[in-house]
There are 2 protein chains.
Amino acid sequence: MPFSRIYNKYISSDRFYVRKLSNILGFTPGNVRLYKMAFRHKSVAVTIKDGAKNSNERLEFLGDAVLGSVVAELLFKLYPYKDEGFLTEMRSKIVSRVNLNQLSRKLGFNELIEYDARMISFPNKQGSLLGDAFEALIGAVYLDRGYVFTKNFLLNRIIKPHVDIHLLEITETNFKSRLIEWCQHNGKDVQFQQVDNPEGESVKMFSIEALVDGKVVGLGRDFNKKSAEKLAAEKACENLKILEVL
Amino acid sequence: MPFSRIYNKYISSDRFYVRKLSNILGFTPGNVRLYKMAFRHKSVAVTIKDGAKNSNERLEFLGDAVLGSVVAELLFKLYPYKDEGFLTEMRSKIVSRVNLNQLSRKLGFNELIEYDARMISFPNKQGSLLGDAFEALIGAVYLDRGYVFTKNFLLNRIIKPHVDIHLLEITETNFKSRLIEWCQHNGKDVQFQQVDNPEGESVKMFSIEALVDGKVVGLGRDFNKKSAEKLAAEKACENLKILEVL
């Protein structure tokens, strides 16, 4: 271990934080500042220059890209005879906000995230906060240790132990059944109805509304009825925050 | 240079292809099979196993991800005080199909791409074919030489000499003005009109249609009028293939 990392772990004023982080990550971070930034939500960030804040949003942008690349290669090699449509779908399942939120919680990132405590009353906000921090952490690891290290960290420490890829393969992200189950569970009535397109419209599209207890909670439009219904259900799940509670 | 690459360049039956490729890329490829696949459009691909084809689509999936990651890091470091919204927008400009098509042509990839000659009559198809091959090539370079090599290749051989990032920064991808210019150039009349939303819809959205010579060529829906118009113009540009001819 280089001296800088020994210093971080045993000598610096951050040593307790660094040890906690090392326990969670399985390696000792070099540039601690980056990791602190990865776990800092914009609600507690301060402006550093030209209106830029020291929150985790920029690292999230970077980490999202690195994660996408690592997962793309994993799937490319794991499924040598599947087409790019399948690979794309599998990747979105793995990097979905729901999945990243769960991973973030499993790994204990919730103990490291700094955010304005008043946000606790918004469980949905807090939900995406976990996944956002997950991506930001990947950005921090990448800047601190490089691509190959980050790839191995993701594959060996996170994906292999925590993500059941073959289960995800057979799990259909079916928003319609999720919405229906949620309504049954909460004693609500759910309906889908086709509505007219805007008058005079020549584009051949279907508009489907999802109604919960008679109230429109999602609208989907597509070139076929089934897809429009799917979109309406997805929109409804988003509006009703059904994804976040799974 | 390892023997395998010397063999590829001077001895193998592919040596003329390899030399041509080396001249274009600036390095000698190791696994030639990968590069051939990167330049093989699905129109000339054959089924290899379980319905999978030896076309460039899977490599395109991988290359798109690697490219996204390299460009993300470049922008992250180039603009230390810009927020993630700016970074995201800049990245989509750099990796836009129009830009990748142009890069692909500049680099001479059009001489390497194998595709069904009957496709020449569809200039739009041929357009995206160039950008697709560009991404697939990045996938091939990544599998052949690894992340750091691919990153340096992209930055030094492609982005620095051929992409004017600061010009892209000030260029707004304005679909509305593109559509209007195209219509003026082609002696066509263009209009935007707001249309009614589907009846009984409680979601507060605006529907705007783009009409060229009285025919609906794009529909945009959003929560404000301006964005809906922008979406309608974008859709119209897509439908009229206006992007591809720039």
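Since we're looking at a predicted model, the values are computed, not measured.

Participant: Is there a simple way to explain the interface of chain B and chain A in this structure?
Facilitator: The interface is formed by 44 residues belonging to chain B together with 45 residues belonging to chain A. Taking both sides of the interface into account, the surface hidden between chain B and chain A amounts to around 3,800 Å²; carbon and sulfur atoms contribute 65%. Among the residues of chain B in contact with chain A, R58, F61 and Y81 of chain B are the three that bury the most area, contributing 23% of the side total. Between chain B and chain A we count zero salt bridges in total. Sorting the residues of the side of chain B that touches chain A by element identifies β1 (47-49), α4 (57-78), α5 (84-94), α7 (123-145), α8 (147-162), β4 (206-212) and β5 (215-222) of chain B as the ones contributing at least two each. Element by element, the count of residues in the side of chain B that touches chain A is highest for α4 of chain B, at 14 residues.

Participant: Just checking my understanding: could you explain the domain arrangement of chain A for this structure?
Facilitator: How large an interface is tends to be reported as the accessible area lost when its parts come together. Entries for chain A in the domain assignment read domain 1 (31-170) and domain 2 (175-245). Each of domain 1 of chain A and domain 2 of chain A was reduced to a C-alpha centroid, and the two centroids are 29 Å apart.

Participant: How do you make sense of the nonpolar core when you look at a structure like this?
Facilitator: If you look at soluble globular proteins, the nonpolar side chains tend to sit buried side by side. Counting 102 residues, the largest nonpolar core has F134 of chain A together with F134 of chain B as its most contacted members. If near-sequence neighbours (up to four positions away) are discounted, F134 of chain B is found in contact with L67, L100, L103, S104, L107, F109, L154 and I158 of chain B. Counting 14 residues, the second-largest nonpolar core is a separate cluster that includes V212, V217, A228 and I242 of chain B.

Participant: What am I meant to see in a nonpolar patch on the surface here?
Facilitator: Residue and element names in this part refer to chain A. Side chains of M1, F3, I6, Y7, Y10 and I11 sit close together on the surface and give an oily, nonpolar patch of about 650 Å² of accessible area. Counting through the fold element by element, F3 comes out in helix α1 (residues 3-11). By relative accessible area, which is 58% here, F3 ends up exposed.

Participant: What is the right way to read the sheet that holds β4 of chain B from this model?
Facilitator: Strand pairing in a sheet takes place through backbone hydrogen bonds and is either antiparallel or parallel in direction. Residues and elements named next belong to chain B. Here we have three strands laid out as an open sheet, ordered β3-β4-β5, and antiparallel in their pairing. In the strand order of this sheet, the two ends are held by β3 (190-195) and β5, each with one partner. Each adjacent strand pair in this sheet contributes to an overall mean axis angle of 25°, direction not counted. Contacts between helix α10 (residues 175-185) and the sheet are confined to β3 and β4, with β3 contributing the most and set at about 135° to the helix. On top of the sheet, helix α11 (residues 225-239) reaches β3, β4 and β5; it is set at about 140° to β5, its chief contact.

Thresholds applied
- Residues numbered from 1 in each chain as written.
- Chains lettered and ligands numbered in written order.
- Predicted model: local features only at pLDDT ≥ 70, side-chain atom pairs only at ≥ 80, totals over all residues.
- Heavy atoms only, no water.
- Contact = heavy atoms within 4.5 Å.
- Buried area = accessible area lost by both parts, 1.4 Å probe.
- Salt bridge = Lys/Arg side-chain N within 4 Å of Asp/Glu carboxyl O.
- Helix = DSSP H or I, 4+ residues; strand = E, 2+ residues; numbered from the N terminus.
- Domains from an automatic or database assignment.
- Core = buried A, V, L, I, M, F, W, Y, C linked by side-chain atoms within 4.5 Å.
- Buried < 20%, exposed > 50% of the residue type's maximum accessible area, 1.4 Å probe, protein only.
- Patch = residues over 30% accessible without salt bridge, like charges linked within 9 Å, V, L, I, M, F, W, Y side chains within 5 Å.
- Areas by Shrake-Rupley, 256 points an atom, 1.4 Å probe, with all protein chains shown as cover.
- Pairing = 2+ DSSP bridges.
- Axes fitted to C-alpha atoms, helices over the stretch in contact; angles between N-to-C directions.

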